[in-house]
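# Chains, contacts and geometry: an overview
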Amino acid sequence: MATSTNQFANTVLSLADFDSSETPTEIPPNSLPNSNSPISDLFLSQRKIISKLEASTTALDSFNTFSQTRYSENLANMQRYTKTIVTLRDDLDLVFKRIRTLKETLRKKHPKEFNMACDEIGCVDVEDDD
């Protein structure tokens, strides 16, 4: 028991000598305890985990860059589409306002003919949303 504790302490001390900017995957194999110890298994597991994390980080960075590019492209398109829809809505509001004005004018000038036409085609009064 004392031997594995000493091996662990020596390994931790030897790992403390590494520069903090180095990745743990750069630990020289001779600094690890013998390959039979649980500490060695722990370090190997840590190396595998770190390599998976590095791969995941790389994939996420790539995805974030891709997403940012697509978002920028789509943002410009969406702004243009929104402007077009708002313009269309304003134009439709103007058209419906003109239709209401024409109907009202016809109703006042020619009420009998207007009522006959409405009975024939089924006029619908549209309320003003403004």
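Residues numbered from 1 in each chain as written. Predicted model: local features only at pLDDT ≥ 70, side-chain atom pairs only at ≥ 80, totals over all residues. Heavy atoms only, no water.

## Quick word on the overall build of the protein chain
For clarity, the threshold we go by: Runs of E in the DSSP output that reach at least two residues are strands. Runs of H or I that reach at least four are helices, and both are numbered from the N terminus. The contact criterion used throughout is that any non-hydrogen atoms of two residues lie within 4.5 Å. The Shrake-Rupley method, run with a 1.4 Å probe, gives the accessible areas here. Residue values count only the displayed protein chains as cover.
In terms of helices and strands, the protein chain carries 3 helices and 0 strands. For the protein chain, the succession of helices and strands along the chain, N to C, is α-α-α. The contacts in the protein chain between residues at least 6 apart in sequence include a share of 33% that link residues at least 24 apart. For the protein chain, the accessible surface area stands at approximately 11,100 Å², while carbon and sulfur atoms represent 59% of it.

## Section: the pattern of salt bridges
Let me state the cut-off plainly: A pair is scored as a salt bridge if a Lys or Arg side-chain nitrogen falls within 4 Å of a carboxyl oxygen belonging to Asp or Glu. Per-residue accessibility, obtained with a 1.4 Å probe over protein chains only, is compared with the maximum for each type, and a residue is labelled buried under 20%, exposed over 50%, and partly exposed between these values.
Throughout the structure, instances matching the rule amount to 1 salt bridge. Notably, a salt bridge pairs Arg 70 with Glu 73, separated by 3.7 Å at the nearest N-O pair. Within this pair, Arg 70 and its partner Glu 73 are both found in helix α2 (residues 38–109), separated by 3 residues, close to a single helical turn. By relative accessible area, which is 43% here, Arg 70 ends up partly exposed. Using a relative accessible area of 41% as the deciding quantity, one classes Glu 73 as partly exposed.

## A look at the confidence of the model for the protein chain
As a reminder of what qualifies: Per-residue confidence from the predictor is reported as pLDDT, a score between 0 and 100.
Considering every residue of the protein chain, the mean pLDDT works out to 79; 69% of them sit at 70 or more. The lowest-confidence element of the protein chain is helix α1 (residues 2–16), averaging 45 in pLDDT; the highest-confidence one is α2, averaging 95.

## What to know about a nonpolar patch on the surface
To keep things clear, this is the line we draw: Patch definition: residues above 30% relative accessible area lacking any salt bridge, with like charges linked at up to 9 Å and the nonpolar side chains Val, Leu, Ile, Met, Phe, Trp and Tyr linked at up to 5 Å.
A contiguous nonpolar patch, built from Leu 92, Val 95, Phe 96 and Ile 99 and spanning about 350 Å² of accessible area, is present on the exposed surface. Assignment of secondary structure puts Ile 99 in helix α2. On the basis of relative accessible area, Ile 99 is assigned to the partly exposed category, the value being 39%.

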